[in-house]
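The chain contents come next:
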Amino acid sequence: MSEPGSHEFTVVSSEYIHIGRVVGLRVDEIVMPGGGTARREVVEHLGAVAVCAVDDDGAVTLVHQYRHPLRDRLWELPAGLLDKDGEDPLDTAARELVEEAGLAAGRWDTLVDVAASPGFTDEVVRVYLARDLTAVPREMHGDEEADLVITTVPLAEAVRMALAGDIVNGATVAGVLAAHAVLTGVEQARPARTPWRDRPTTFAARLR
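Residues numbered from 1 in each chain as written. Predicted model: local features only at pLDDT ≥ 70, side-chain atom pairs only at ≥ 80, totals over all residues. Heavy atoms only, no water.

Engineer: I'd like to hear about the sheet that holds strand S5 (residues 59-67), residue by residue, with values.
Structural biologist: Sheet architecture is open: 3 strands sit in the order S6-S5-S10, paired in antiparallel fashion. Looking at the sheet topology across the chains shown, the edges are occupied by strand S6 (72-76) and strand S10 (149-154). The sheet shows a mean angle of 30 degrees between the axes of neighbouring strands, taken without regard to direction. Relative to S10, S5 runs antiparallel, the two sharing 6 bridges. (Pairing = 2+ DSSP bridges. Helix = DSSP H or I, 4+ residues; strand = E, 2+ residues; numbered from the N terminus. Axes fitted to C-alpha atoms, helices over the stretch in contact; angles between N-to-C directions.)

Printed below as a string of structure tokens:
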């Protein structure tokens, strides 16, 4: 057996169970450290971006949106899938901020990259910090966006909501905590176009 942390988890075979519009499900057989193999279910995802838009008064924009798997409406940052072939993630973030919140931003930074649940999915969400905000007409697409409730709360209140369990969306929790750290001077954000090492690409390539 190899030293801990040095084993190469080679994929012996892959079986594709489902290919949908947003996700795909495959089962990989991989070589384990002891020499045997194990099957791992993997949900392939397009990837997504989210935007922590903070205005000059220190308030963050949140949307209240129905999420069917949880059968509940959740408080979230404006967000969207990387579902336009060739579109830069920063451009996706800017487009989603217009569509969901009716806002344009003059300053962008990268806050965090969030692996949603790496035990079974390759989904990673990049969260941006948007500032120097300007109100613009919303560009809604579909009934779901028409149902969004949009509000602003002080960033400190959003942090309290996350710690209280009132915000449970992973990218939103990470985004508001990271934005608070940046805007209070504890840490620095990364440049807006920082290379994205863990961006999901497998499912998008499959759809081409």
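Still more ground to cover, so stick around.
Engineer: So what's going on with the side chain of Asp28? Which residues, and what values?
Structural biologist: Its place among the elements puts Asp28 in strand S2 (residues 23-31). We classify Asp28 as buried; its relative accessible area is 6%. Here Ser14 takes part through its side chain, which lies 2.6 Å from a polar atom of the side chain of Asp28. Here the side chain of Asp28 touches Arg26 through a polar contact of 2.9 Å, side chain to side chain. Here Asp28 is in contact with Val11, Ser13, Ser14, Ala38, Arg39, Arg40 and Val42, once residues within four sequence places are set aside. (Buried < 20%, exposed > 50% of the residue type's maximum accessible area, 1.4 Å probe, protein only. Polar contact = N/O pair within 3.5 Å; in protein donor to acceptor, adjacent residues only side chain to side chain. Contact = heavy atoms within 4.5 Å.)

Engineer: Give me the lowdown on unusual backbone geometry, citing residues and values where you can.
Structural biologist: Residue Arg71 is not a glycine yet carries a positive backbone phi of 50 degrees. Within the fold, Arg71 resides in the loop between S5 and S6. Accessibility expressed as a relative area gives 61% for Arg71, which makes it exposed. Located in the positive-phi region is Asp132, a residue other than glycine, with phi close to 55 degrees. Relative to the elements of secondary structure, Asp132 occurs in strand S9 (residues 124-135).

Engineer: I'd like a description of the pairing of strand S1 (residues 11-19), backed by residues and values.
Structural biologist: Judged from the 7 bridges that link them, S1 and S2 form a sheet pairing that is antiparallel. By the bridge assignment, His18 is partnered in S2 with Leu25.

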